[in-house]
Amino acid sequence: MHLRGFHRLQLSAFAFILLRGMLLSAAEVETPFCNDPQLELRLVAAEPQIMTPIGAAVDAKGRLFVIESHSHHTKPDYPGPRKDRVLMWADSDGDGVPDRRSVFADGFHHAMTLAFSPRGALCLVHRNGVVALHDRDGDGVSESQSKVLELETTGTYPHDGLSGIAFSRDGWLYIGMGENLGAPYTLHGTDGSRHSGGGEGGHIFRCRPDGRELQHVATGLWNPFGLEFDRAGNLFAVDNDPDSRPPCRLLHVVEGGDYGFKFRLGRNGLHPFLAWNGELPGTLPMAAGTGEAPSGILLADHAALPASYRGAFLVTSWGDHAIEVYRPKPSGASWRAVREVLVHGGQWFRPVSIVAAPDGAIYITDWVDQSYPVHGKGRIWRLAAKRGVEVARPDAPGRPAAPNPAAERMQRLLKANSPARARELLAGLDDVDPFIRSAAIHALSRPVLQPVALKATHDPHPLVRTGALVALRRANYAEPAPILRRALADADDHVRFVALQWIGEGRLTALSDAMDAAFNAGNLSPTVFHAYLAAAELLAAPTNGPSSLPSDAVRGKIVERLLNDDTKPAGLRAMAVAMVPNLRDRRIVERLAGFARGGEPLLRVEAVRTLAGATNATVAPLFQEIALDRANPAGLRADAIAALARQSGAGLGDLTALLDDPAPAVQIETARALRTALDQEPVRAALRKECDSLAGSGSALAEQLRFALRLPDAQRPADHAAWPAMLQQGGDSDSGRRLFFHPQVGCAKCHPAEGRGGRVGPDLSTIASASDRQRLIQSILEPSREIAPQFEQHVVETKDGQTYTGVWLNAYLDGSLLLSVPGMGQVRIPGPEIVSHRTSELSLMPEGLENGMTVQDFRDLLAFLLSLK
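Residues numbered from 1 in each chain as written. Predicted model: local features only at pLDDT ≥ 70, side-chain atom pairs only at ≥ 80, totals over all residues. Heavy atoms only, no water.

Quick notes on the overall build of the protein
The cut-off we apply is this: Strands here mean DSSP runs of E at least two residues long; helices mean DSSP runs of H or I at least four residues long; both are numbered from the N terminus. With C-alpha atoms as the basis for the radius of gyration, the globule rule is written as 2.2 Å multiplied by the number of residues raised to the power 0.38. The cut-offs for exposure are 20% and 50% of the maximum accessible area for each residue type, with area from a 1.4 Å probe on protein chains only; residues under the lower value are buried, those over the upper are exposed, and the others partly exposed. Should any heavy atoms of two residues lie within 4.5 Å, those residues are considered in contact.
Scanning the protein from terminus to terminus reveals 24 helices and 37 strands. Taking 29 Å as the expected radius of gyration for a compact globule of 869 residues, we find that the protein reaches 30 Å, a close match to that expectation. Principal axes of the C-alpha set define a box for the protein whose edges measure 90 × 70 × 60 Å. Counting every position in the protein, which comprises 869 residues, the buried fraction comes to 56%. Put simply, of all contacts in the protein between residues at least 6 apart along the chain, 60% involve residues at least 24 apart.

So, in C-alpha cells, the structure goes:
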C-alpha cells in the first residue's frame, strides 16, 4: 500500500468514528414520499458524513463511489476543503447497505459525474475534462490518473462544460457538454482528434474509452447532465432548459441530430432561429418534457424493480424535488413518453445522481439545499423494493423489442454515402417523421452527396427543397448565393425561412438586397416576418460582438416602413405595431393613434396595447375617447381603459359612468382602473354608490368595488395558506392579460410577455410550457422560495449612500458591475464607488402580490399565464 493511501485510510477511519456520532438520524430528516407502495426509500447517509454530493457510480463489488463537491460556486467564508473528492462507501456488516466511508481520490475542481467503463475503470468527468482513476493495487485508493478528454476553453462556469457520461454496448464513451456560455472551445482526444466551436448550444460527443477517435454526435442542447442507453442501444439524455424556453427535456439522441438551441442567439431561448421541440426545419423534438433541472437518468432494467418498470427511465429532478418515471413508447423512428412522479420530497430534497448497484438497489445523491454555492449539507438515499415484492432480476434478459421499421429506415439513411441512394434520401426528406428527415439531411451534408442536395433544391416538393437547403448549410456549401436568391422567392414558408436563417446567421451581407426585395414583395406569414426581422438584425450586428442583442435602429427602420405602407396586409402591419421599439418618436405615436381610432380590428387592438406604454400627452384623451364609445368592441374598450390606468390617472375621473356599462369586461376594467384614482373624491363617491347598489351581491364587479374601497369581504381568503384552495379553477385570460400590465400589479415592470414588458426578470412568453396552475400559484405567493441563480437579486451599496438592487449582468476588469435595475434599466456602477456587494435571499419579485388583487383577479392572471405556451 502507498504511504499516502495509508495516511488517508487512518484519517478516514478516525473521521468515521468521530462523525458517526454526529450523523443525522432518519428521524431528523424528512423522508420523501414514494408513490409506489411496493418500494421504500431509506436514508443511507447525511451531513456531515456526506456534503454536497453530485455524481455517483457503483462497481461490480457493490461499492458506492460519490463525488463530494467543494468547489462549486465556493463562497469566501466556506470552511473547506477547497477541492472535490471521490468518496468510496462499502458494506462493512453485510446488510447490503454501504456504511464504511473512505476517500478514493481527491484534488479535483468542478467534478461533475462518474461512470465505470466496460473494463471497470472509474471515469470522472470534471468541467474541463475526463480522467480515468486507477487503483491497480486494489487498496481502495486511486494512485494514478490518465487523461481521456480535455476541454480547452475560457469558460469557467461550473456546470455548463462537460457533464453527462455513458458507455455504449459497443464500447464507445459518450459525453455531454453544456452551452459553455458561448465561449470558444476545443475538445481534445488523446490521439490528436479534436472538435472546436463556440457559440453553439450543448453537444454530445463520443470517443473510445481511452480518448481516441473523438467524434461529434449531436448539437442544439443546453446542458445534458445525464446520459443513459436503453437495452436496444438507443441513447437518451436529460437536458436543462434556457432561461425562458421551458420545459427541460428528455431527448432521444441520434447521430447528426440538431435539438434546436444556439447560445449565440440568446440564452433566453426565444430567438426566432431557435427551436426547443422541433419547431424549425431540421431540428428534432423532445421525447418528453421533464421536471425542473433534471440531473440524472437510470434505465430501470439495471435495478431490482417490479416488472412494470421494465424499459422505463428514472430521472432525478433537482428543481422539482422529485424522482420521475418515463416509459418510452415508439413514435415513428423515435420515442415519446409522459412524466410520472415516483418520489416527491419537500424543499430539502434535491436529487442529483441516480445509479443501480449489482444487488438491484438504487442510490440517489441529494444536494439538499437550493443554494448553488457549496453549503455543507448532503444526503444519500437508497430506493429498493420492499421485502416480499416480486421483482425482475437486474439486467435480466427481457422480451426482444418489436421490430421498428421506421427506426431501421433511419439507421439506413444515416449510413447512406453514395449518390446511388439519392431516391431513398429524397423520400426521407419528404417524410412526415422528423427523425427520418434528420437522418436524410445528415447524410446529404456529406461531400459525396452534395450534388444530390443541390439538385434537390429544385424539387417540386417543399419538404425536399427545405431539407436540401438545411443539408447544404450544414455542409458549409461554398457558393450559396444563387440558391438563396431563388429560395427567397419560393412560395413555401419553410424554404424562405431556412434561406433567411442561413443569410442572417451566416452574415451573408451581399444578399441583403435580395432579402429586402423578397420582403417588399409582400405575402409574409408571421413566421417569415419574424425571420426577416431576425436576419436583418443579425446582418446589422457587429461580427465581433454579441449578435443576439436586437438592434432598435434596424427594427425601428423596418417597423416604420411597414407602418407607413398602406398596401401591406393589416395582419403584417399589426405584427409591426406590436414590435415598435421607440414610442418617443412623435410621428410614430401619431401613426399608431390613427390606427387605434379606426381601421382593421386587429390593427386597432395592437395599436392601443402598444400606445399604453407611451408617455405622450396625446394618448390619454385617445384612450378615453375609445373607452367611452359604446360602438367600439368591448375588448378594445377594456384595453383602452387598462391603458389609461397606466397614464398616471389622467382622464380616469370621466370614466365613472362606465361602472354601469352593459359590457362586463368594461365594468371590471373600469373598477380596476379607478383604484389608481382614489385620491379624487368624485371617484370614491362613484365607487361607493355603485357598491351600495350591489350590496349582498357576489358578482365580480361587487368584489372589485369592495376591494377598491377596502371594505370587508367574506369571500377573500383569511390568510396566506387559504389562497390556493380559492384558485383551483376559473379565470378570464383576456382580463388576466390586462391585469399583467396593470400598474398596481406590476408584473410587466420586470417580466416581458408576448413581446412587451420589462427585461429584468425572465420572459414569460412560454411559461405555461413548464408551469402548471399549482406551480404558478406557489411562485406568486412565495416568490423567494425558488430563485434561479441568473435571477438572484444583487444589492450594491456605493460611497454616496446609494443602494442598487437588480439582476447581475456583467463584471468588468476595473471592478465595475452592470446590473439590470427595475425602473432604471441597465446601470453600470464604477468599481471604486462600491462599498459592498451581496446577493439577497429575497426574489426581485415582491412578496404580497396577492394583496393587490381580488380573488377573481388572481384567477384571471393565472388564466393568462397558462395561455402562454
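Text resumes after the structure shown.
A word on the sheet that holds strand E13 (residues 185-188)
The criterion, for reference: The rule for pairing is simple: two strands pair if DSSP sees at least two bridges between them. Helix axes use the C-alpha atoms of the stretch in contact, all axes being lines fitted to C-alpha atoms, and the angles between their N-to-C directions lie in the range 0 to 180 degrees.
With respect to topology, six strands assemble into an open sheet ordered E7-E8-E9-E10-E13-E14, the strand pairing being antiparallel. The open sheet terminates on both sides in strands that have one partner only, identified here as strand E7 (111-116) and strand E14 (194-197). For this sheet, the mean angle separating the axes of adjacent strands, direction not counted, is 20°. As paired strands, strand E8 (residues 122-126) and strand E9 (residues 129-134) are joined by five bridges and run antiparallel to one another.

Quick look at the pairing of strand E30 (residues 379-385)
With six of its seven residues buried, E30 lies for the most part within the structure. Of the strand pairs in this sheet, strand E29 (residues 362-366) and E30 are connected by five bridges, and their pairing is antiparallel. Residue pairing in the sheet places Tyr363 in a bridge with Arg382 of E30.

Thoughts on the packing of aromatic side chains
What characterises a pair of aromatic rings is the spacing of the ring centres plus the angle enclosed by the ring planes. Using the following cut-off: Ring pairs are drawn from Phe, Tyr and Trp, using the six-membered ring of Trp, whenever the two centres fall within 6.5 Å, and their geometry is named by plane angle: stacked under 30 degrees, edge-to-face over 60, tilted for the rest.
Applying the stated criterion across every chain yields a total of 14 aromatic pairs. Taking 6.4 Å as the distance between ring centres and 40° as the angle between the ring planes, the aromatic pair formed by Trp222 and Phe263 counts as tilted. Here Phe263 lies in the loop between strand E20 (257-258) and strand E21 (288-290) and Trp222 lies in the loop between strand E16 (215-221) and strand E17 (223-229), a separation of 41 residues in the sequence. Each member of the pair, Trp222 as well as Phe263, is classed as buried.

A short note on the environment of Trp172
Summarising the element assignment, Trp172 is placed in the loop between strand E11 (162-167) and strand E12 (173-177). The class for Trp172 is buried, based on a relative accessible area of 6%. In the structure, Trp172 is positioned 39 residues away from Gly211 in sequence and 9.6 Å away in space, judged by C-alpha atoms. Not counting residues up to four positions away in its chain, the partners in contact with Trp172 are Ala166, Phe167, Arg206, Cys207, Arg208, Glu213 and Gln215.

Structural notes on the sheet that holds E29
Taken together, four strands build an open sheet; the order of strands is E2-E30-E29-E28 and the sheet is antiparallel. Because the sheet does not close on itself, it has two edges, and the strands there are strand E2 (39-46) and strand E28 (351-356). Recorded for the sheet is a direction-independent mean angle of 25° between the axes of neighbouring strands. Examined bridge by bridge, E28 and E29 share four bridges and lie antiparallel to one another. Looking at the pairing, Ile354 lines up with Ile364 of E29.

Looking at helix H3 (residues 422-429)
Put simply, the test is: By arc we mean the arc of the directions from the helix axis to the C-beta atoms, nothing more.
Within H3, burial applies to Ala422, Leu425, Gly428 and Leu429. Projected onto a plane normal to the axis of H3, the buried residues spread over an arc of 120° and lie on a single side. Buried-residue contacts for H3 involve helix H2 (405-415), helix H4 (434-444), helix H5 (450-456) and helix H6 (462-474).

Structural notes on the confidence of the model for the protein
In regions of low pLDDT, the predicted coordinates are not meant to be interpreted in detail. Our working definition: For every residue, the pLDDT score states the predictor's confidence, bounded by 0 at the bottom and 100 at the top.
Model confidence for the protein is summarised by a mean pLDDT of 89, while 94% of its residues fall at 70 or above. Long-range and interchain partners of residues 1-26, a stretch whose pLDDT sits below 50, account for 44 contacts in this model, where long-range means more than four residues apart.

So, empty space enclosed by the protein
For the record, the criterion: Detection works on a 1 Å grid of protein atoms alone, calling trapped sets that fit a 1.4 Å probe cavities and calling open sets with protein on both sides within 12 Å along at least five of seven lines pockets, with lining residues defined by an atom within 4 Å of a point. Grid points are joined across faces, edges and corners, and a volume is the space filled by probe spheres set on the points. Residue polarity follows a fixed list, in which Ala, Val, Leu, Ile, Met, Phe, Trp, Tyr, Cys and Pro are nonpolar, Asp, Glu, Lys and Arg are charged, and the others, Gly among them, are polar.
For the structure shown, the criterion picks out three cavities of 30 Å³ or more. Its volume calculated, the largest cavity comes out at about 130 Å³. Looking at the lining of the largest cavity, the elements that each hand over two or more residues are helix H14 (601-611), helix H16 (634-645) and helix H21 (733-740). Looking at the lining of the largest cavity residue by residue, the classes come out as five nonpolar, one polar and six charged. The volume enclosed by the second largest cavity comes to roughly 50 Å³. In this structure, the second largest cavity is lined by Leu488, Arg496, Leu500, Met515, Ala518, Phe519, Leu524, Val528 and Tyr532. At the level of secondary structure, the elements contributing two or more residues to the lining of the second largest cavity comprise helix H8 (493-505), helix H9 (512-520) and helix H10 (526-540). The element contributing the most residues to the lining of the second largest cavity is H9, with three residues. When its residues are assigned to classes, the lining of the second largest cavity shows eight nonpolar, no polar and one charged.

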